[in-house]
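Working through the structure, step by step
These are the residues of each chain, in order.
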Amino acid sequence: MFVEERQNLILEDLQENGKVLVKDLSTRFGVTPDLIRKDLAFLESKGKCKKIYGGAILNRLNVHLEDANSRKNVNSKEKQKIAQMAYDLIEPNMTVFLDISTTNIELAKLLVLRPISGITVVTNMLDVIQILSTSQIHSIFIGGEFDYARNGFVGNMCDEFLQRFHFDLSFLGVVGIDLESGNVMTYMPNDGQTKRIVLKQSKKAYMLADSDKFYQMGNYEYAKVDAFYGILQTIKSNKELLILIIVLFII
């Protein structure tokens, strides 16, 4: 096997699992641990990973410059599966908040396709309210300072209005999750502050996290993982898409 081919396979493992171990790679490829360490050093020099003791982890990407439109079609199948999990948690007559999140766009589509009796949906995302406007769902749109990149509203006016609500469920987007530190991140402080208020006003708040979120960084930490009731997430393993619900049962 050529060196480049081996390094590409190592990179595939990193992208699927988030980390690799020298001893496992050495056994898999039938080469010495020193040779694997050289491979990892090369990948690190290209910005593909970060070496740690005994192996390497995938570099966290800062994606704060990406706007909502550019993310709509990223991991779309994963987002649709997460949206289905969120939909299954909604019961008749609930008041539900849908945050600025491309996954919530998929959830809004499901709600229009299969309406749930008596629910009220509150949102600050323009895409979501545009989808809901095609149905008879009782919807409330929260205005404020318009964030063009995120296609939603944030800021003091938005936050003041949200403080008057109490949500049965809320579904919040994230930019990055660092399980080591427990930090949950978003792009900017104004969006983060809005999310923090929603967390406070919600009986149960769920994170929406496709697999990429565990390898990305945001600019602003708006909560800790244990502030949420649970995480609706996808993970990739052995090139198969698996769906897990991690319920934290915060009391």
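Whatever comes next refers back to the structure up there.
What counts as what
Residues numbered from 1 in each chain as written. Predicted model: local features only at pLDDT ≥ 70, side-chain atom pairs only at ≥ 80, totals over all residues. Heavy atoms only, no water. Pairing = 2+ DSSP bridges. Helix = DSSP H or I, 4+ residues; strand = E, 2+ residues; numbered from the N terminus. Right-handed = clockwise from strand over helix to strand, strands pointing away. Axes fitted to C-alpha atoms, helices over the stretch in contact; angles between N-to-C directions. Parallel < 35°, antiparallel > 145°, perpendicular 65-115°, else oblique. Left-handed = near helix turned anticlockwise from the far one by under 90°. Contact = heavy atoms within 4.5 Å. Nonpolar A, V, L, I, M, F, W, Y, C, P; charged D, E, K, R; others polar. Phe/Tyr/Trp six-rings, centres within 6.5 Å; stacked < 30°, edge-to-face > 60°. Buried < 20%, exposed > 50% of the residue type's maximum accessible area, 1.4 Å probe, protein only. Lys NZ or Arg CZ within 6 Å of the ring centre and 35° of its normal.

**Examining the pairing of strand E7 (residues 138-141)**
In the case of a regular strand, side chains alternate between the two sheet surfaces. The pairing of strand E6 (residues 120-123) with E7 spans four bridges and is parallel. Residue Val121 lies in a different strand from E7, and its bridge partner there is Ser139. As for the winding sense of the linkage, the β-α-β connection from E6 through helix H7 (residues 126-132) to E7 is right-handed.

**Digging into the packing of helix H2 (residues 22-29) against helix H3 (residues 33-45)**
The contact between H2 and H3 brings their axes to 9 Å, and the two run at 110 degrees. As the angle between them shows, H2 and H3 are arranged roughly perpendicular. For the crossing formed where H2 meets H3, the hand is right-handed. Touching Val22, Leu25, Ser26 and Phe29 of H2 are Pro33, Ile36, Arg37 and Leu40, all from H3. In terms of residue class, the contact of H2 with H3 is built from six nonpolar, one polar and one charged.

**Considering the packing of aromatic side chains**
On inspection of all chains with the given rule, the structure shows eight aromatic pairs. Judged by centre distance (5.6 Å) and plane angle (5 degrees), the ring pair of Phe165 and Phe167 falls under stacked. The exposure classification of Phe165 matches that of Phe167, with both residues buried. Counting every residue linked through ring pairs, the aromatic cluster contains Phe97, Phe161, Phe165 and Phe167. For the cation-ring pair, Arg114 lies above Tyr87, with the distance from its terminal atom to the ring centre recorded as 4.7 Å.

**Side note on unusual backbone geometry**
The phi angle of most residues is negative, glycine excepted, and most peptide bonds adopt the trans form. One non-glycine residue, Asn93, lies in positive phi territory at about 70 degrees. With respect to the helices and strands, the residue Asn93 is situated in the loop between helix H5 (76-89) and strand E5 (95-98). Taking relative accessible area as the criterion, Asn93 reaches 57% and is therefore assigned exposed.

**Let's talk about the sheet that holds strand E15 (residues 220-224)**
Here we have three strands laid out as an open sheet, ordered E11-E12-E15, and antiparallel in their pairing. Single-partner strands in this sheet number two, and they are strand E11 (176-178) and E15. Averaged over all pairs of adjacent strands, the angle between strand axes in this sheet comes to 30 degrees, irrespective of strand direction. Relative to E15, strand E12 (residues 183-186) runs antiparallel, the two sharing four bridges. Bridge pairing in E15 links Met185 to Glu221. Sitting on the sheet, helix H9 (residues 189-200) touches E12 and E15, and the angle it makes with E15 is about 15 degrees.

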